[in-house]
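Residue-level structure breakdown
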Amino acid sequence: MPSRRPATPLVLTCEHASNLLPRGLRARSAPEKALLDTHWGWDIGAWDVARRLARRLGAAAIGGGVSRLVVDLNRPAVDPTLIRREAEGAPLSWNARVPPAEVERRLVAWHLPYHDAIDRAILRLVTRGVRPLLLAVHTFTPVYDGRRRDFDMGVLFDRSRLHASALMRGLRREGFRVLPNRPYSGLAGMMYSIHRHGTHHELPCLEIEMNQALFRERGAAGRLATRISRALAPVLALQRAGTINRRDRGSG
């Protein structure tokens, strides 16, 4: 009988996969609608890459179902930016009056189920003896607050340094300009979602940030997924072998 393909030691997450406003919330003006299509509303291209990576690598991928301007799945409940009242200096009508009961409703409706889905994907592997790497997939705007970000990708990490180094080497071999902990830093707590699950399950976790300028050409997501999957191959091989786990004990 043919042997079953070993489970891929990888769980992909995409917190800002969607710019959807759910039923009952709506943009009341053209500027509000336009904001939803920008980096304020979602991570442009991130879910397209995450889904393709999942298919290529045979991994689970969990994507958020509502805009980050409804409730940010990459923020803890106590974070003041969990529900933003404005973006680009413009007030958001659907967030103008959000009493505590509405905050709780949004957390129960979208935040909790999203993180529960990540936990279930992790448990599906660890109960079968597979210790996965957790990888959050995000994108960033090439210009922010007047400053140009002249690099292709960032790899965010805190304790998972060996995983991060291996991934950055792989991405550079694919021709990307890569920086550690940019444009945000995992060392400054800027990878809440994946860190939450990595810490809880004692698993290594990273976040990859892609410059949205990489998505300007048709078919870019597919090409990026191909190159990123190749860059991930050595990291996943190490994860399968347990090499990083032994050398980077306590990696979270």
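So, here is what we can say about the structure in this document. (Residues numbered from 1 in each chain as written. Predicted model: local features only at pLDDT ≥ 70, side-chain atom pairs only at ≥ 80, totals over all residues. Heavy atoms only, no water.)

For the largest pocket, the calculated volume is near 320 Å³. If you trace the largest pocket, you find 19 residues lining it, with His16, Arg68, Arg75, Arg84 and Tyr184 closest to the centre. Counting residues per element, the ones that place at least two in the lining of the largest pocket are strand 5 (133-140) and strand 10 (205-211). Top contributing element to the lining of the largest pocket by residue count: strand 5, with 3 residues. The class makeup of the residues in the lining of the largest pocket is 5 nonpolar, 7 polar and 7 charged. (1 Å grid on protein atoms, 1.4 Å probe; cavity = no way out; pocket = protein on both sides within 12 Å on 5 of 7 lines; lining within 4 Å. Points joined across faces, edges and corners; volume = space filled by probe spheres on them. Helix = DSSP H or I, 4+ residues; strand = E, 2+ residues; numbered from the N terminus. Nonpolar A, V, L, I, M, F, W, Y, C, P; charged D, E, K, R; others polar.)

This part takes up the packing of aromatic side chains. For the structure shown, the criterion picks out 1 aromatic pair. Its guanidinium or amino end placed over the ring of Phe176, Arg227 lies 3.8 Å from that ring's centre, counting from NZ or CZ. (Phe/Tyr/Trp six-rings, centres within 6.5 Å; stacked < 30°, edge-to-face > 60°. Lys NZ or Arg CZ within 6 Å of the ring centre and 35° of its normal.)

It is worth spelling out the side chain of Gln239 at this point. Tracing the chain through its elements places Gln239 in helix 6 (residues 220-241). A polar side-chain atom of Gln239 sits 3.0 Å from a polar atom in the side chain of His163. (Polar contact = N/O pair within 3.5 Å; in protein donor to acceptor, adjacent residues only side chain to side chain.)

What follows deals with the pairing of strand 8 (residues 153-156). Because side chains alternate across strand 8, one face comprises the buried residues Met153 and Val155, and the other comprises Gly154 and Leu156, equally buried. With helix 4 (residues 161-173) bridging strand 8 and its parallel neighbour strand 9 (residues 178-180), the resulting β-α-β unit is right-handed. Examined bridge by bridge, strand 8 and strand 10 share 4 bridges and lie antiparallel to one another. Note on strand 10: the bridge partner recorded for Gly154 is Glu209. (Buried < 20%, exposed > 50% of the residue type's maximum accessible area, 1.4 Å probe, protein only. Right-handed = clockwise from strand over helix to strand, strands pointing away. Pairing = 2+ DSSP bridges.)

Where two cysteines share a covalent bond between their sulfur atoms, that bond is called a disulfide. One pass over the structure, following the stated rule, counts 0 disulfides. Here Cys14 stays free of any disulfide, with the sulfur of Cys205 as its closest cysteine sulfur at 16 Å. For Cys205, a relative accessible area of 0% gives the class buried. (Disulfide = S-S within 2.5 Å.)

Evaluation of the coordinates by the stated rule reveals 10 salt bridges. Arg177 is the salt-bridge partner of Asp152, the closest N and O atoms lying 2.9 Å from each other. Here Asp152, found in the loop between strand 7 (147-148) and strand 8, pairs with Arg177, found in the loop between helix 4 and strand 9; they are 25 residues apart in sequence, far enough to count as distant. Taking relative accessible area as the criterion, Asp152 reaches 9% and is therefore assigned buried. For Arg177, a relative accessible area of 48% translates into the label partly exposed. Measuring nitrogen to oxygen at the nearest pair gives 3.7 Å for the salt bridge that ties Glu217 to Arg223. (Salt bridge = Lys/Arg side-chain N within 4 Å of Asp/Glu carboxyl O.)

What follows deals with the nonpolar core. The biggest cluster of nonpolar side chains holds 36 residues, and the ones touching the most others in it are Val49, Met153, Leu167, Leu171 and Ile228. Leu36, Trp40, Trp94 and Leu203 belong to the second-largest nonpolar core, a separate cluster that totals 34 residues. (Core = buried A, V, L, I, M, F, W, Y, C linked by side-chain atoms within 4.5 Å.)

Read from one edge to the other, the open sheet built from 6 strands follows the order 2-1-5-10-8-9, with strand pairing classed as mixed. Here the strands that pair on one side only, and so sit at the sheet edges, are strand 2 (60-63) and strand 9. Put simply, the sheet's adjacent strands are angled 20 degrees from each other on average, direction ignored. Its contacts with the sheet put helix 2 (residues 46-57) on strand 1 (10-14), strand 2, strand 5 and strand 10, and the angle it makes with strand 1 is roughly 165 degrees. (Axes fitted to C-alpha atoms, helices over the stretch in contact; angles between N-to-C directions. Contact = heavy atoms within 4.5 Å.)

For strand 1, the tally of buried residues reaches 5 of 5 residues, placing the bulk of the element in the interior. Side chains of strand 1 alternate between two faces, with Leu10, Leu12 and Cys14 and Val11 and Thr13 buried alike. As judged from the 4 bridges shared by strand 1 and strand 5, these two strands associate in the parallel manner. Counted as the bridge partner of Leu12 is Leu135 from strand 5. The pairing of strand 1 with strand 2 spans 4 bridges and is classified as parallel. Its bridge partner lying in strand 2, Thr13 is registered against Ile62.

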